[in-house]
Every structure is written in structure tokens, then in C-alpha cells.
Amino acid sequence: MFYKMIYKRSFQKYKKSYINILCIFILSLSLFSFTNIYCDSYANHYDAVVLPILTKDHTCDLRVSNITEEEAELFSNIRNVEMEYIDGNLDFFLIDTNKIEEVHQEIVDIFNKYIFNDMHSADSPGVYVFFGQEIPNNSDEGMRTVIFVLQIVFSILGIVSMEMVYSDYINRRADDIRTLSGVGISQKQLYRLFWDEYNIVYLISLVIGIPIGGLIVYLFCKICEWTDMSLTNAIYLVFDVDFFSLVLTILFSYIVVNISFLVVLKRILKMDASYTCADTVVEFKPDKSRFLYYRSKRSFRHFFLSVLQKRSTNTYGVLGVFIAFILMASVFLLNGTSYAVTMYDMSNSAELAAFISNFSLFIVLIIYAIVFSWIVIYVFTKRQMESCSETVKTLYILGADEKTIYSCFRRLMIRRVFVTELFGIIPGFAATSKIFEKFGYPVTVNAWLTVGIPVLIIAYWIVYLFSLKKNFMKNCRNFASDETGG
């Protein structure tokens with residue numbers, strides 16, 4: 001009854017936080033589902049396309065080709081087989097498969113004695129054995145290794161993103177946790193409260209996220225189904241879902257989700273009635289900040305900007321590294337896609353469909369990585385604005401101008417965006433060049449790359465500044481000036 005009451009109250013009060021957690025969980029699970037089903041569909045090309053082509057003539061166990069009906073009569077006394085003469089070919093079907101060697105030898109003896117000739121043309125008679133013949137699978141088995149590495153990398157991004165979103169939710173529930181600690185709730189009960197809640201959200205995300213990942217792969221596979229793929233010999237996706245592989249994906253995603261929960265759990269269990277918001281992004285201490293004023297140009301703008309820079313360096317350093325890493329990965333994926341464009345004839349519809357199908361992996365991973373980073377940027381900015389709200393209100397009372405305050409935040413944000421993109425894109429190109437050089441691939445510059453990189457840069461600028469403006473307006477507005485007509 002107690003847990004039911006808490007969950008009901010929490011859902012009503014923290015509905016937006018639940019939606020945020022649900023979205024990041026669904027995003028993570030759909031990513032794992034997409035990469036896994038993509039790999040299965042890529043491997044399925046061999047079974048669904050290559051093997052039928054290679055075995056289209058394997059309709060019997062043995063065959064003598066390009067002979068007349070009279071010549072076919074010479075094989076009528078062979079035992080342990082059934083025979084059928086069709087369009088110049090005599091097909092043999094084994095009755096007893098253990099007799100394959102004996103039957104084959106009899107056919108060869110008759111063929112060599114009565115039919116064999118020295119003419120080696122396409123129409124010359126011949127003996128073919130299809131029984132027991134295996135077609136080697138030349139599909140890229142290294143794809144699973146690549147997918148696994150990518151899943152590990154994006155698991156780290158997912159853990160960071162989930163930890164950020166869930167930590168934001170825990171910060172909102174700090175008062176509830178302190179109250180529960182004050183009335184004597186045990187750590188075990190507190191653990192169960194959030195553990196059950198976490199698992200409920202995970203199960204809902206599982207039901208939604210796994211099908212979304214499969215749907216994305218399915219849509220890319222449909223592109224090839226709508227096109228005559230006989231015009232190309234490129235490997236492309238043929239939709240396939242391996243149940244065992246999907247179960248492993250679910251287990252792997254559950255481990256990733258639980259890691260993020262365990263990280264936040266330490267903070268939950270440490271909260272008590274004496275808890276203070278010590279982990280806010282910006283912390284103002286007058287005694288430590290006063291010297292910044294004397295070092296500034298005696299301008300409030302320079303002073304406040306110095307304080308913001310000083311008090312958020314460490315936290316935003318972690319964010320900067322995270323975003324720079326995603327930018328590096330995005331640059332590599334964009335370069336990989338740019339190089340792939342040169343491998344396909346885009347004027348050929350089948351080649352274009354194969355390109356879209358195969359490199360949907362790169363395209364979707366870029367989108368996922370960017371969305372993960374955008375969520376983290378938004379949450380960091382939101383926490384910064386919330387932590388600054390009381391201080392900014394005090395500054396307004398003392399006479400500070402809202403426009404000046406916002407310009408300080410905006411100028412600091414622009415610096416961060418510039419530094420982050422600089423240390424993400426340039427090293428990204430350097431790392432890409434080294435990797436491509438190692439595997440013998442050239443770094444190509446085409447329309448895909450020249451458009452993709454600027455779009456990536458502009459998109460991050462927009463997200464950073466939009467997050468700042470929205471959360472500033474929500475948490476740091478000078479409402480007193482609104483009341484006086486300012």
C-alpha cells in the first residue's frame with residue numbers, strides 16, 4: 001500500500017521527469033535493437049539472396065547434361081536411383097544416399113565409354129554432382145564484431161545520458177527522499193522503491209523501444225524490396241530477426257540500464273535530512289569570488305562572466321569531453337558514408353538502394369549519437385539555470401539588468417560551443433585519416449561531407465543556445481521588471 005501510494009503521487013507530481021526518462025530509455029533500447037537486427041539482416045543476405053542463386057540448378061543429386069534421349073537410355077540400368085530426362089539433361093535422384101559413390105562411378109563409366117568427347121564448349125556433355133555439395137558462406141562475419149564494438153561505445157553514451165536524465169529526476173525528488181529518510185525509511189526500502197520504479201519504466205521502454213529499432217531496419221529493407229536488385233551484386237539488408245540474438249540484446253540492454261541505475265543509487269542512498277544541493281553545476285561563494293571582481297575591468301559583465309567560468313569549469317569539462325567524443329564519432333561516420341558514396345553508381349536505382357540499405361547503420365548511429373548528446377546538453381543547461389536562479393534574483397534586486405545577465409550566460413555558452421566543436425571536429429578528421437590510412441581507404445571530400453559537417457556544427461549551436469534561452473526564461477527571468485513594465 002505504501003509503495004502504491006508513493007508511485008501514484010510521484011506520477012502525478014513528476015510526470016514530465018518520467019516522460020524524459022522513458023524517452024531516453026526508449027532511445028537506448030531502440031538503438032540496441034536496431035544494431036542487432038541490422039546485423040542479422042545483413043547476414044541474412046547470404047541465405048535469402050546468394051544461396052538461392054548459387055543453388056538454383058541443384059534440383060537433383062547428379063546430372064548428365066547435354067545428351068540426347070537415346071544417350072539417356074544408356075543409363076537406364078543404374079540401380080538405387082530415380083531418373084528424369086528434361087530438356088537435354090538426365091537428372092538422377094538417389095534412393096539410397098549411402099550408394100552415392102557407387103552410383104556416381106557407374107554414371108562416369110558409362111559416360112566415358114559412350115558419350116565423352118574432347119570438345120570443351122558450353123554445349124558439351126558433362127557429369128555434375130550436387131549431392132552433399134556445400135556453398136561456402138562468404139558473408140562478412142566481421143560485421144558482428146563491428147556491431148559489438150559500436151554497441152559498447154554507444155552503451156557508454158547511453159549510460160551517461162541515462163545517468164544525467166535520471167539524476168535530474170532524483171534532484172527533483174530530493175525533498176521527498178529527505179522526508180522519507182526523516183520518518184525512518186530504511187535503505188532497503190528506499191532501494192526497493194526506486195528499483196521497482198526503474199524496472200517498470202524499463203519494461204515499458206522495452207515494449208516500445210525494441211519494435212522501434214526493428215521497424216527502422218524493416219523500412220530500410222523495404223527500399224531494396226521495392227527495387228529490382230538483380231541489377232547489382234552488392235550486399236544489402238534482407239530483413240531477419242534472430243530470436244536468440246534478440247534475447248541477448250535485451251539482456252545486454254538491461255545490464256546497461258542497471259549500470260546507470262547503480263550510479264545514481266549511490267546518490268539516492270546518501271541523501272538524508274541534512275542533504276544540500278552540493279552537486280549543482282554552478283556554486284557561488286562570495287569570499288572566493290570577490291577577487292574575480294578586483295581582477296575584472298570593474299565591469300559587472302566581465303565580473304559575472306568570470307564567476308560563471310570559474311565555478312563551472314570542472315563540470316562542463318566533463319560535458320565538453322563527452323560532446324567532443326560524439327563529434328569525433330560523427331565525423332568518422334560522415335567520412336565513412338562519404339567514402340561509401342564513391343563505391344556505388346548512384347544513377348543505378350539498385351546501387352542507390354543498396355547504398356541506403358548498407359549505410360543506414362552509419363546514418364542512424366549519427367542520429368542516435370547526436371540525440372544522446374542533445375539530451376545531455378539540455379539537462380546540463382537546465383541544471384545550471386536552476387542552480388543560478390536564486391543568485392540571479394538577488395542580482396536583480398541589487399539592480400542588475402536582465403539583458404546583461406543573459407548576455408553573460410550566452411557569451412560563456414558560445415565559448416563552450418566553439419571549444420567543444422574545435423576539439424571534436426579537428427581530432428575527428430585526424431583520427432579518421434589515420435584509421436582510413438591504416439586500412440588503405442582514401443579520405444574523400446564530396447557534397448555529402450561538405451554539407452554534413454556544417455549542418456552538424458550549426459545544429460549544435462542551435463541546441464546549445466536554444467537550451468540556454470529556454471531554461472533562462474524559465475528559471476532566471478526578472479519578473480519584477482515585468483510587473484513594473486520593464
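Given the structure is predicted, the values throughout are model-derived calculations rather than measurements.

Peer 1: Pulling in residues and values, what's your account of the overall build of the chain?
Peer 2: Scanning the chain for helices and strands turns up 16 helices and four strands. Buried residues in the chain amount to 47% of all 486 residues. For the chain, the proportion of contacts with a sequence separation of at least 24, taken over those separated by at least 6, is 82%. Of the roughly 26,000 Å² of accessible surface on the chain, 62% is carried by carbon and sulfur atoms.

Peer 1: Outline helix H4 (residues 100–114), listing residues and values.
Peer 2: In a regular helix each residue adds 1.5 Å, so 15 residues correspond to 21 Å; H4 covers 21 Å between its end C-alpha atoms and thus fits that length. Along H4, the positions that sit buried rather than exposed are Ile100, Val103, Ile107, Ile110 and Phe111. Buried residues of H4, seen end-on, are gathered within an arc of 110 degrees and therefore sit on one face of the element. Opposite its buried face, H4 presents the exposed residues Glu101 and Lys113, each directed more than 90 degrees away. Each element contacted by the buried residues of H4 is listed here: strand S1 (62–65), strand S2 (81–86), strand S3 (89–94) and strand S4 (126–129).

Peer 1: How would you explain the pattern of salt bridges if you had to name every residue and give the values?
Peer 2: Throughout the structure, instances matching the rule amount to five salt bridges. Of the charged contacts, one joins glutamate 225 and lysine 222 as a salt bridge, the two residues approaching to 3.0 Å between their closest N and O atoms. Taken together, the residues glutamate 225 and lysine 222, both in helix H7 (residues 187–225) and three residues apart, mark about one turn of the helix. In this structure, glutamate 390 engages lysine 393 in a salt bridge whose closest nitrogen and oxygen atoms are separated by 3.8 Å. Of this pair, glutamate 390 and lysine 393 both sit in helix H13 (residues 360–397), separated by three residues, roughly a single helical turn. Accessibility expressed as a relative area gives 37% for lysine 393, which makes it partly exposed.

Peer 1: Can you lay out the layout of surface pockets for me, pointing to particular residues and giving the numbers?
Peer 2: In this structure, the largest pocket spans a volume of roughly 1,200 Å³. Only helix H2 (15–54), helix H5 (142–172), helix H11 (313–341), H13 and helix H14 (402–438) provide two or more residues apiece to the lining of the largest pocket. With nine residues, H5 is the largest single contributor of residues to the lining of the largest pocket. Along the lines of polarity and charge, the residues of the lining of the largest pocket split into 27 nonpolar, six polar and one charged. In terms of lining residues, the second largest pocket is bounded by 19 residues, among which Lys16, Asn20, Asp168, Tyr378 and Lys382 are the most central. If you tally residues by element for the lining of the second largest pocket, the top one is H2, at seven residues. In terms of residue class, the lining of the second largest pocket is built from nine nonpolar, two polar and eight charged.

Peer 1: Any details on unusual backbone geometry? Residues and values, ideally.
Peer 2: Most peptide bonds take the trans configuration, and most residues that are not glycine carry a negative phi. Even without being a glycine, asparagine 66 presents a positive backbone phi close to 60 degrees. Positionally, asparagine 66 belongs in the loop between S1 and helix H3 (69–72). Notably, asparagine 80 is not glycine yet its phi reads approximately 65 degrees, a positive angle. On the secondary structure map, asparagine 80 appears in the loop between H3 and S2.

Peer 1: Any details on the packing of aromatic side chains? Residues and values, ideally.
Peer 2: Counted by the stated rule, this structure contains 15 aromatic pairs. Ring centres of tryptophan 374 and tyrosine 460 lie 6.4 Å apart, and the angle between their planes is 75 degrees; on these two criteria the pair is classed as edge-to-face. Separated by 86 residues along the polypeptide, tryptophan 374 in helix H13 and tyrosine 460 in helix H15 (residues 447–475) bring together distant segments of the chain.

Peer 1: Talk me through helix H12 (residues 349–358); I want residue IDs and the actual numbers.
Peer 2: Across the 10 residues that make up H12, a large majority, seven, are buried. By the burial criterion, the buried members of H12 are Ala350, Glu351, Ala353, Ala354, Phe355, Ser357 and Asn358. Regarding H12, its N-cap is asparagine 348, as a side-chain oxygen of that residue lies 2.8 Å from the backbone nitrogen of alanine 350 further along.

Peer 1: Quick one: what's the story with the sheet that holds S3, residue by residue and with numbers?
Peer 2: With antiparallel pairing, the four strands of this open sheet are ordered in space as S2-S3-S1-S4. Every other strand in the sheet has two partners, leaving S2 and S4 as the edge strands with one partner each. Between one strand axis and the next, the sheet turns by 20 degrees as a mean value, whatever way the strands run. Where S1 lies against S4, four bridges are found, and the strand directions are antiparallel. Bridging from a neighbouring strand, valine 64 pairs with valine 127 of S4.

Peer 1: Outline the nonpolar core, listing residues and values.
Peer 2: Note that soluble globular proteins tend to have their nonpolar side chains buried in a common cluster. Of all hydrophobic cores here, the largest spans 106 residues; its most connected members are Tyr166, Phe194, Ile405, Phe409 and Tyr460. The dominant element in this core, judged by the number of residues it contributes, is H13, at 18 residues. Not counting residues up to four positions away in its chain, the partners in contact with phenylalanine 409 are Phe304, Leu308, Gln384, Met385, Cys388, Val392, Leu468 and Phe472. Core analysis: the second largest hydrophobic core is formed by 16 residues, Ile67, Phe92, Ile107 and Phe111 among them.

Peer 1: Please give an account of a nonpolar patch on the surface that cites residues and values.
Peer 2: Judged by side-chain polarity, Ile200, Ile204, Val207, Ile208 and Ile212 come together as a nonpolar surface patch covering roughly 410 Å² of accessible area. With respect to the helices and strands, valine 207 occurs in helix H7.

Peer 1: Explain the environment of phenylalanine 154 residue by residue, including any values.
Peer 2: In this structure, phenylalanine 154 sits in helix H5. In this structure phenylalanine 154 comes out as buried when scored by relative accessible area, which is 4%.

Peer 1: So what's going on with the packing of H14 against H15? Residues and values would help.
Peer 2: At a closest axis distance of 10 Å, the pairing of H14 and H15 adopts a crossing angle of 150 degrees. As the angle between them shows, H14 and H15 are arranged roughly antiparallel. By crossing handedness, the relation of H14 to H15 is classed as right-handed. Residue classes in the contact of H14 with H15 are distributed as 19 nonpolar, one polar and four charged.

Peer 1: So, the side chain of asparagine 475: which residues are in play, and what are the values?
Peer 2: Residue placement: asparagine 475 occurs in helix H15. In this structure the side chain of asparagine 475 is engaged in a polar contact, spanning 2.9 Å, whose partner is the backbone oxygen of asparagine 471. Here asparagine 475 is in contact with Met385, Glu386 and Ser389, once residues within four sequence places are set aside.

About the thresholds
- Starting from 1, residues in each chain are numbered consecutively following that chain's sequence as written.
- The model is predicted, so local features are restricted to residues of pLDDT at least 70 and side-chain atom pairs to those at 80 or more, both for listing and for counting; the totals for chains, interfaces and linings are taken over all residues.
- As a rule here, side-chain values come from all non-hydrogen atoms in the structure, and water together with hydrogens is ignored.
- Helix and strand definitions follow DSSP, with helices as H or I runs of at least four residues and strands as E runs of at least two, each counted in order from the N terminus.
- Buried means the residue's accessible area, taken with a 1.4 Å probe over protein chains only, is under 20% of the maximum for its type, while exposed means over 50%, and partly exposed covers the values in between.
- Residue contacts follow a heavy-atom distance rule, with two residues in contact if any of their heavy atoms lie within 4.5 Å.
- Under the convention used here, a 1.4 Å probe and the Shrake-Rupley method define accessible areas, while residue burial counts only the protein chains that appear.
- Expected helix span is taken as 1.5 Å per residue step, with the number of steps being one fewer than the number of residues.
- This arc corresponds to the set of directions leading from the helix axis out to the C-beta atoms.
- Every case where a carboxyl oxygen of Asp or Glu lies within 4 Å of a side-chain nitrogen of Lys or Arg is listed as a salt bridge.
- In this analysis a 1.4 Å probe is tested at points of a 1 Å grid over the protein atoms alone, and where it fits but cannot get out there is a cavity; an open set with protein on both sides within 12 Å along at least five of seven lines is a pocket; lining residues have an atom within 4 Å of a point.
- Grid points are joined across faces, edges and corners, and a volume is the space filled by probe spheres set on the points.
- Amino acids are sorted into nonpolar (Ala, Val, Leu, Ile, Met, Phe, Trp, Tyr, Cys and Pro), charged (Asp, Glu, Lys and Arg) and polar (every other residue, Gly among them).
- Here is the rule: rings of Phe, Tyr and Trp (six-membered ring for Trp) pair when centre to centre is within 6.5 Å. Planes less than 30 degrees apart are stacked, more than 60 are edge-to-face, and the remainder are tilted.
- Here a polar contact is taken to be a pair of N or O atoms separated by no more than 3.5 Å, where protein atoms must pair a possible hydrogen donor with a possible acceptor and residues adjacent in sequence count only if both atoms sit in side chains.
- The pairing criterion for strands is at least two bridges between them, as found by DSSP.
- To obtain an axis, a line is fitted to C-alpha atoms, over the contacting stretch when the element is a helix, and the angle between two such axes runs from 0 to 180 degrees between their N-to-C directions.
- Here, nonpolar core means buried Ala, Val, Leu, Ile, Met, Phe, Trp, Tyr and Cys residues that are tied together by side-chain atoms lying within 4.5 Å of each other.
- Patch membership is restricted to residues that have no salt bridge and whose relative accessible area is over 30%. Joining uses 9 Å for like charges and 5 Å for the nonpolar side chains Val, Leu, Ile, Met, Phe, Trp and Tyr.
- The cut-offs work like this: below 35 degrees is roughly parallel, past 145 is roughly antiparallel, 65 to 115 is roughly perpendicular, and the gaps in between are oblique.
- Should the near helix be turned counterclockwise from the far one by less than a right angle, the crossing is left-handed, whereas a clockwise turn marks it as right-handed.

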